[in-house]
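Here are the chains, one letter per residue:
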Amino acid sequence: MSGDIAIVEDFHTVPRSPKLELKLNLIGQTRAELAISLVGVGIPERQIKMRTTQIWSWIYYRGLRSFDGMTNLSKSIRDTLSENFVLEVPELVTKQISSDGTRKYLVRITGGHEVEIVYIPEKDRGTLCISSQVGCTLSCSFCHTGTQKLVRNLTSGEIIGQVMLAKDDLNEWPKNETDSQNSQRLLSNIVLMGMGEPLYNFESVRDAMKIAMDPEGISLSRRRITLSTSGVVPMIARTAEEIGCLLAVSFHGTTDEIRGKLVPINKKWNISELIGALKAYPRLSNSERITFEYVMLRGVNDSDEDAHRLVKLIKGIPAKINLIPFNEWPNAPYKRSEPSRIKSFSEIVYKAGYASPIRKPRGEDIMAACGQLKSESKKERKSKSLIQEEIS
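Everything numeric in this text was worked out from a predicted model, so none of it was measured.

K.L.:
What is the right way to read the overall build of the chain from this model?
P.N.:
Looking only at helices and strands, one finds 11 helices and 14 strands in the chain. The buried share of the chain, reckoned over its 392 residues, is 54%. Put simply, 68% of the contacts in the chain that link residues at least 6 apart link residues at least 24 apart. Accessible surface, the chain as shown: approximately 17600 Å² in total, 51% of it carbon and sulfur.

Set out below in structure tokens:
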């Protein structure tokens, strides 16, 4: 890690005052919901399709947050919109910039709750890691995020609002009529790998990702969006049918005993049930390979025997295996596997015919690496000794 000091920008440090009047936020509404909202404020039905398309483009293609700027709408329509609706995204509280260029945003949502977002710049892409819940119910013992108690699900507006906030910070909205957001995108990929389990908030995640994929708005290909789940088996088929994005699975263990200690949801849907659902996923979504995420924990799940079992388990599934060196956090009960052990594990998987890249930790100096996200809203966590007791 570089010795450079990470940059920290502090924005609003106190919650916004409650609004005197409640207006409906249009951000996060589906096209159908937006059309219904417009009918509800008196927009003539014969104009609904056209007005919906115009407003959609202003919000999701131009990134506009004021109805006054929607110049192809009459002043009376703009006034009606301003009187009844708002265009709000989560409030930026702090921004940290790592020595490697990774950006971590702490944002505040309705109710004063906070979530974290991470933007990872690379040579040929820019990936935004977004959250789907405040906190998490899964309590995966190696994950710092999982030590924060679940507060609530995010709305579709709060989910897509994270993408819009990042585009604001990157100054990536088209500047004029001839400017295109498709050229040299800074934000080219979305991964639902932040706080929370996306499949426990399915409808909001689905609607937000449909907005992200809409060709008349943010316009990201479904192959540029990856949803990561710890294994909510009943929702995997729906993900294929209703979203169709790429799928990643937090796997981390090759026996029910070990995976059940690392990823407690395995006690509800075991490895056999999970693998069965995953074998159906590529056919349902016409998608590419499923990504198996595998955090490397010293002496826990990193043996050659584990590698061989993993290869046997995923046989018949188009897959790649992302090996993730454990990103340590204060009082974590695990240690990162030795580089030589990770390399040996990777070679076994690779020789079996699967891509097995070793993920380079990003943003460790600002606690933005995989499994390190945790907002300051809650500090409830299991003690190191308690977690160790559970896995012993």
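Having seen the structure, we can now continue with the description.
K.L.:
Is there a simple way to think about the environment of arginine 309 in this case?
P.N.:
Structurally, the position occupied by arginine 309 is in helix H9 (residues 304-313). Assessed through its relative accessible area of 34%, arginine 309 is described here as partly exposed. C-alpha separation for the pair arginine 309 and glycine 253, spaced 56 residues apart in sequence, amounts to 9.5 Å. With residues near it in sequence (within four places) discarded, arginine 309 still touches Thr254 and Thr255.

K.L.:
Honestly, the confidence of the model for the chain in this entry has me stumped. Any pointers?
P.N.:
Residues with a pLDDT of 70 or more make up 82% of the chain, whose mean pLDDT is 86. Note on residues 1-5: pLDDT is under 50 here. Beyond four places in sequence and across chains, it has 6 contacts. This model gives residues 13-20 a pLDDT under 50, and the stretch forms 8 contacts once residues within four places in sequence are excluded.

K.L.:
For this particular structure, what's the right way to read the side chain of aspartate 207?
P.N.:
Along the chain, aspartate 207 falls in helix H5 (residues 202-213). Ignoring any residue separated from it by four or fewer positions in sequence, one finds aspartate 207 in contact with Thr30 and Ser156.

K.L.:
I keep staring at the packing of aromatic side chains and nothing clicks. Help me out?
P.N.:
Aromatic ring pairs are defined here through the distance separating the ring centres and the angle between the ring planes. A complete count under the given rule lists 4 aromatic pairs for this structure. Sitting above the plane of the tryptophan 56 ring, arginine 31 keeps its charged end 4.8 Å from the centroid. Over the aromatic face of tryptophan 173 sits the side chain of lysine 167, whose NZ or CZ is 4.7 Å from the ring centroid.

K.L.:
Sorry, what's going on with the packing of helix H6 (residues 233-242) against helix H8 (residues 271-285) here?
P.N.:
Each pair of packed helices can be summarised by the angle the axes make with each other and by the distance between the axes. It is at 9 Å that the axes of H6 and H8 come closest, and there the two elements cross at 5 degrees. The orientation of H6 with respect to H8, classified from their angle, is roughly parallel. Here H6 contributes Val233, Ile236, Ala237, Thr239, Ala240 and Glu241 to the contact with H8, which in turn contributes Glu273, Leu274, Ala277, Leu278, Tyr281, Leu284 and Ser285. Taken together, the residues that form the contact of H6 with H8 break down as 9 nonpolar, 2 polar and 2 charged.

K.L.:
It is not clear to me how the nonpolar core should be interpreted in this structure. Could you clarify?
P.N.:
Within soluble globular proteins, side chains that are nonpolar generally end up buried alongside one another. Of all hydrophobic cores here, the largest spans 100 residues; its most connected members are Met209, Leu278 and Phe292. Looking at this core, the element that brings in the most residues is H5, giving 7 residues. Phenylalanine 292 has contacts with Val249, Phe251, Ile275, Leu278, Ile314, Ile317, Ala319, Lys320, Ile321 and Asn322, leaving out every residue within four places of it along the chain.

K.L.:
Would you mind showing me how to read H6 here?
P.N.:
A turn of α-helix holds 3.6 residues, and therefore any two residues three or four places apart point the same way. Restricting attention to buried positions, one finds in H6 the residues Val233, Met235, Ile236, Thr239 and Ala240. Here the buried residues of H6 occupy an arc of 150 degrees about the axis, which is enough to place them on one side. Buried positions along H6 lie against H5, strand E11 (225-229), strand E12 (246-250) and H8. The positive-phi residue at the C-terminal boundary of H6 is glycine 244, with phi of around 75 degrees.

K.L.:
Would you explain the pairing of strand E6 (residues 114-121) in this entry?
P.N.:
For a regular strand, side chains alternate in direction, first toward one face of the sheet and then toward the other. With respect to burial, E6 is a largely interior element, 6 of its 8 residues being buried. Bridge count between strand E5 (residues 103-108) and E6: 6 bridges; the pairing is antiparallel. By the bridge assignment, arginine 103 is partnered in E6 with tyrosine 119. A loop of 5 residues connects E5 with E6, the two strands running antiparallel in sequence, and glycine 111 in this loop sits at a positive phi of about 95 degrees.

K.L.:
Where do I start with the pattern of salt bridges in this structure?
P.N.:
Pairing is possible between side chains of opposite charge, provided their charged atoms come close. This model, assessed by the stated rule, comprises 19 salt bridges. The residue arginine 65 makes a salt bridge to aspartate 168 at a minimum N-O spacing of 2.8 Å. Of this pair, arginine 65 sits in the loop between helix H2 (48-60) and helix H3 (75-84) while aspartate 168 is found in helix H4 (residues 156-169), placing the two residues 103 residues apart along the sequence. The partly exposed category is assigned to arginine 65, whose relative accessible area is 27%. Measuring nitrogen to oxygen at the nearest pair gives 2.8 Å for the salt bridge that ties lysine 95 to aspartate 169. Within this pair, whereas lysine 95 is found in strand E4 (residues 91-97), its partner aspartate 169 is found in helix H4, the two being separated by 74 residues in sequence. Counted as one network, the salt bridges with shared partners bring together Glu203, Arg206, Asp207, Arg238 and Glu242.

Reading guide: rules and limits
- Residues numbered from 1 in each chain as written.
- Predicted model: local features only at pLDDT ≥ 70, side-chain atom pairs only at ≥ 80, totals over all residues.
- Heavy atoms only, no water.
- Helix = DSSP H or I, 4+ residues; strand = E, 2+ residues; numbered from the N terminus.
- Buried < 20%, exposed > 50% of the residue type's maximum accessible area, 1.4 Å probe, protein only.
- Contact = heavy atoms within 4.5 Å.
- Areas by Shrake-Rupley, 256 points an atom, 1.4 Å probe, with all protein chains shown as cover.
- pLDDT = per-residue confidence, 0-100.
- Phe/Tyr/Trp six-rings, centres within 6.5 Å; stacked < 30°, edge-to-face > 60°.
- Lys NZ or Arg CZ within 6 Å of the ring centre and 35° of its normal.
- Axes fitted to C-alpha atoms, helices over the stretch in contact; angles between N-to-C directions.
- Parallel < 35°, antiparallel > 145°, perpendicular 65-115°, else oblique.
- Nonpolar A, V, L, I, M, F, W, Y, C, P; charged D, E, K, R; others polar.
- Core = buried A, V, L, I, M, F, W, Y, C linked by side-chain atoms within 4.5 Å.
- Arc of directions from axis to C-beta.
- Pairing = 2+ DSSP bridges.
- Salt bridge = Lys/Arg side-chain N within 4 Å of Asp/Glu carboxyl O.

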